[in-house]
Amino acid sequence: WHSHLPTNPHLGLVTPPRPFQDSDSDTEGGAAGGEAEMDFLRNFFSQTLGLGSQKEQLLDELTLEGVTRYMQSERCRRVICLVGAGISTSAGIPDFRSPSTGLYANLEKYHLPYPEAIFEIGYFKKHPEPFFALAKELYPGQFKPTVCHYFIRLLKEKGLLLRCYTQNIDTLERVAGLEPEDLVEAHGTFHTSHCVSPLCRREYPLSWMKEKIFSEVTPKCEKCQSVVKPDIVFFGENLPARFFSCMQSDFRKADLLIIMGTSLQVQPFASLISKAPLSTPRLLINKEKTGQTDPFLGMMMGMGGGMDFDSKKAYRDVAWLGDCDQGCLAFAELLGWKPTPSRSPGPVLPLGDLCELCPPQKELEDLVRKEHASIDAQSGPASSNPASSASPRKSPPPAEGEARAAEGQKPQ
């Protein structure tokens, strides 16, 4: 399961990082916060006063086809992916905000003062039981990465992925084959856990936490008996220092942003779309358009100028609306990573042993099937996730008219 972490009920955003007040991370977090403030000021003056990098339209048209041609050109060498809950829902993991199926709609049995309390560090320290009961209910027995995860894997294999910034804590990016250096897990991860005592902070592995959760025992530190919490970011805690350090160096080098499965409502993650140079194209693959804000208000809230898909001034933002897996399959087909009877596939770079198993134009679909079969073989059929089929064709593609409009064509 993962965290498309909730917005603060009062502010509508994640509070700027401020964790255990007596922990060693205060100094590190303060330094990161200072860098973030300076970065905000630089962006503010750059984008409101026209200073710094200049706007240049690098896409020959604001469609998925236009992004494809740019990505196949010499200009596009470093791609950053920004992903959220929407890339994992087809694996059977619920998101947080869907009215009937989302997590918030199903928390009544935990008798919380309000739904967001289950992810607040103050409430957790006093009442950890609801969180661990929820963790057991949602814990992935053997969730399989989705088409989106393996699309990102292919970006890495082809030498295009600069970094994947994820809001999710389900670790499916790791399962799909991304290494820790490929990732910035902005809201933390279930991969490790730590004692909450600032005087102890003993680390525990995923296997230890899983055993405690399924034995219905509140995890307690073996050294000091304080509660042990997975390393996911709760309200009132710092984002990982890696988020800020990578942000400072990565985005100035980005040639393309691919944003998938996120509402861009949670700060400071949402502000990442404004960190790239003003000419860097941005592709959104999502069920609905998001990231659009009033330019001046967006800057004051730290969200840059927002995304612009439809105005006469639009020059770099493209939206493909629909199921994220289907969006990645459509993109892969245009890139030559998916079979198509109407044209020959373009040249691709080697993908290790996979290239010996299947024609290169079928890379994405066959990679999904191959990896899902491997997961099933390791866990046995009883443990496999029924919501995640070995076939990537799970959701119907959007209607042709919807896809065309979603790809950024202007209304007539």
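Just so it is clear, the model here is predicted, and its values are computed rather than measured.

Calculation notes
- Residues numbered from 1 in each chain as written.
- Predicted model: local features only at pLDDT ≥ 70, side-chain atom pairs only at ≥ 80, totals over all residues.
- Heavy atoms only, no water.
- Pairing = 2+ DSSP bridges.
- Helix = DSSP H or I, 4+ residues; strand = E, 2+ residues; numbered from the N terminus.
- Axes fitted to C-alpha atoms, helices over the stretch in contact; angles between N-to-C directions.
- UniProt positions renumbered as here; feature names shortened; annotations may be inferred.
- Buried < 20%, exposed > 50% of the residue type's maximum accessible area, 1.4 Å probe, protein only.
- Contact = heavy atoms within 4.5 Å.
- Expected span 1.5 Å × (residues − 1).
- Polar contact = N/O pair within 3.5 Å; in protein donor to acceptor, adjacent residues only side chain to side chain.
- Salt bridge = Lys/Arg side-chain N within 4 Å of Asp/Glu carboxyl O.

Asks: Could you give an account of the sheet that holds strand S2 (residues 161–166), naming the residues involved and the relevant values?
Replies: A sheet is described by the order of its strands in space; here six strands give the open sequence S3-S2-S1-S7-S8-S9, paired in parallel fashion. Each of the sheet's edge strands pairs with one partner strand only, and the pair in question is strand S3 (183–185) and strand S9 (317–321). Each strand axis lies, on average, 15° off the axis of its neighbour in the sheet, ignoring direction. Relative to S3, S2 runs parallel, the two sharing three bridges. Counted as the bridge partner of cysteine 164 is leucine 183 from S3.

Asks: Explain the UniProt feature "binding site: Zn(2+)" (unreviewed entry) in the protein chain residue by residue, including any values.
Replies: As annotated by UniProt and renumbered to match this structure, "binding site: Zn(2+)" (unreviewed entry) occupies Cys195, Cys200, Cys221 and Cys224. Judged by maximum C-alpha separation, these annotated positions cover 30 residues in sequence but sit close together in space, the widest gap being only 8.9 Å. Within the fold, cysteine 200 resides in the loop between strand S4 (188–195) and strand S5 (203–205). On the basis of relative accessibility, which here comes to 18%, the residue cysteine 200 falls in the buried class. Those residues within four positions of cysteine 200 in sequence are excluded, and the remaining contacts are Cys195, Cys221, Lys223 and Cys224. By secondary structure assignment, the location of cysteine 224 is in the loop between helix H7 (206–214) and strand S6 (228–232).

Asks: Provide a residue-level description of helix H5 (residues 147–157), including the pertinent values.
Replies: Buried residues dominate H5, accounting for nine of its eleven residues. Looking at H5, one finds that the buried residues are Val147, Cys148, His149, Tyr150, Phe151, Ile152, Arg153, Leu154 and Leu155.

Asks: How would you summarise the pairing of S9 if you had to cite specific residues and measurements?
Replies: Of all the five residues making up S9, five are buried; the element is thus mostly covered by neighbouring parts of the structure. Alternating residues of S9 divide into Asp317, Ala319 and Leu321 and Val318 and Trp320, and every residue in both groups is buried.

Asks: An account of helix H10 (residues 324–335) is requested, with residue identities and associated values reported.
Replies: Between its first and last C-alpha, H10 extends 16 Å over twelve residues, near the 16 Å set by a 1.5 Å rise per residue. The element H10 is extensively covered by neighbouring structure, given that nine of its twelve residues are classed as buried. Where H10 is concerned, the buried positions are Cys324, Asp325, Gln326, Gly327, Cys328, Leu329, Phe331, Ala332 and Leu335. One side-chain oxygen at the N-terminal end of H10 lies 3.0 Å from the backbone nitrogen of aspartate 325; it belongs to aspartate 323. One or two residues past the end of H10 sits glycine 336, with phi positive at roughly 90°.

Asks: Can you tell me about the UniProt feature "active site" (unreviewed entry) in the protein chain, naming the residues and giving the values?
Replies: Per the UniProt record, "active site" (unreviewed entry) is annotated on His187. Topologically, histidine 187 is positioned in the loop between S3 and S4.

Asks: Pulling in residues and values, what's your account of the pattern of salt bridges?
Replies: What the rule picks out here adds up to 16 salt bridges. Residue aspartate 182 is joined to lysine 156 by a salt bridge in which the shortest nitrogen-to-oxygen separation is 3.0 Å. On the criterion of sequence distance, the pair formed by aspartate 182 in the loop between helix H6 (172–175) and S3 and lysine 156 in helix H5 is long-range, its members being 26 residues apart. What makes aspartate 182 buried here is its relative accessible area of 10%. Between aspartate 250 and arginine 163 there is a salt bridge, and its shortest N-O distance comes to 2.8 Å. Pair noted here: aspartate 250 is in helix H8 (residues 241–250) and arginine 163 is in strand S2, with a separation of 87 residues, a long-range link. Of the residues examined, aspartate 250 reaches a relative accessible area of 0% and is grouped as buried. A cluster of three or more residues bridged by salt bridges with shared partners is formed by Arg153, Glu157, Lys370 and Glu371.

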